[in-house]
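# Structural overview for review
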Amino acid sequence: MLTDAAARKLEPGSKPRSDGAVTGLQLIPSQTNGQGKWNLRFVSPVTGKRRDMGLGRYPEVSISAARRAALEARDVIAAGGDPLEVKRAEELERKLEQSMPSFEQAGRQAFEELKPGFKNAKHIQQWIGTLETYVFPKVGRRPVNELRASDFADVLRPIWLSKPETASRVRQRCDTVMNWCAAQDYIIASPVQNVDRLLPKQKGKRERVQHHPAVPWRDIPVFAERVLRAGKPTMGKLALEFLVLTASRSGEVGVAP
């Protein structure tokens, strides 16, 4: 079994020293006396090929630490996995977690990339403004890969029935941001598309229309005498009387300058 005394005697160019405690673990001499690198040699259960897994440098990584790491790798092999692939997957997950944007960060970045295609300055301000007002305060700090349909339903619920048009725009913009995140490989797909299933059904557009109050037709003569024909004639009064007498639409009655 390899000891510290034997490891400190390693010389450049000498043969790798087998650990003797963990199968396949060996210490390969470096170019400096008493130093080397740990290597675990194994046959991958996944590919059936021989592989070498580095476990750090000696003496920075002690013999006991190298053995613990090698035993953990052997447990993965015994379970039918490849410890090198497991290690790569863990490193990728760590990198993604470190680089994972919050919803506000993703929203602002997506907005900057999409902004050149917007029609006008008013639309640009409204687009980011709705997110700043309704979404960022509630889920803006959350990493995008943690957000679910229920989170967006909670954002939309206070305005879903009372402000349906605004809610629709907010929903659409949240979906745009999350689809942008999917395109960047931060998430698999936008969860916003399922938010309707968690919220009550909105009224249709026809049901939401609110008509202006109208003068009853029997009162039109009185209205004409007391309002349209009272006092000094104006273009507005004349235009309104013309509209009443001809049953024209308001947009069809033009007033010349």
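First things first, this report covers the structure right here in the doc. (Residues numbered from 1 in each chain as written. Predicted model: local features only at pLDDT ≥ 70, side-chain atom pairs only at ≥ 80, totals over all residues. Heavy atoms only, no water.)

Here the focus is the overall build of the protein. Looking only at helices and strands, the protein features ten helices and four strands. N-terminal to C-terminal, the α/β element order of the protein is α-β-β-β-β-α-α-α-α-α-α-α-α-α. Over its C-alpha atoms the protein spans a radius of gyration of 36 Å, topping by over 25% the 18 Å that the globule rule assigns to 257 residues. Principal-axis analysis of the C-alpha atoms gives the protein an extent of 115 × 35 × 30 Å. (Helix = DSSP H or I, 4+ residues; strand = E, 2+ residues; numbered from the N terminus. Rg over C-alpha atoms; globule rule 2.2 N^0.38 Å.)

Before going further, it helps to examine the nonpolar core. Counting residues in hydrophobic clusters, the biggest one holds 32 residues, and the most contacted among them are F103, L131, V135, V144, F152, C174 and M178. The set of elements that each furnish at least two residues to this core consists of α4 (103-114), α5 (121-139), α6 (149-160) and α7 (164-183). Top contributing element to this core by residue count: α7, with eight residues. Of all hydrophobic cores here, the second largest spans 19 residues; its members include A6, V22, L25 and A70. (Core = buried A, V, L, I, M, F, W, Y, C linked by side-chain atoms within 4.5 Å. Buried < 20%, exposed > 50% of the residue type's maximum accessible area, 1.4 Å probe, protein only.)

Attention now goes to the pattern of salt bridges. Applying the stated rule across the entire model yields 13 salt bridges. The structure contains a network of salt bridges with shared partners spanning R51, D82, E85 and R88. (Salt bridge = Lys/Arg side-chain N within 4 Å of Asp/Glu carboxyl O.)

Another point: the environment of L40. Mapped onto the elements, L40 comes out in strand β3 (residues 36-43). Overall, L40 belongs to the buried group, its relative accessible area being 0%. Sequence separation between L40 and G236 is 196 residues, and the spatial gap between their C-alpha atoms is 92 Å. When sequence neighbours within four positions are dropped, the list of residues in contact with L40 reads T23, G24, L25, R51, D52, M53, L55, A70, A73 and R74. (Contact = heavy atoms within 4.5 Å.)

It is worth spelling out the packing of helix α9 (residues 220-228) against helix α10 (residues 235-246) at this point. Axis angle and axis distance: for two packed helices, these are the angle between their axes and the distance between the axes, and together they describe the pair. Axis separation between α9 and α10 bottoms out at 11 Å; the angle between their running directions is 165°. With respect to α10, the element α9 is oriented roughly antiparallel. Viewed along their axes, α9 and α10 form a crossing whose handedness is left-handed. Along its contact with α9, which presents I220, F223, V227 and L228, the element α10 presents K237, L240, E241 and V244. Here the contact of α9 with α10 is built from residues that sort into six nonpolar, no polar and two charged. (Axes fitted to C-alpha atoms, helices over the stretch in contact; angles between N-to-C directions. Parallel < 35°, antiparallel > 145°, perpendicular 65-115°, else oblique. Left-handed = near helix turned anticlockwise from the far one by under 90°. Nonpolar A, V, L, I, M, F, W, Y, C, P; charged D, E, K, R; others polar.)

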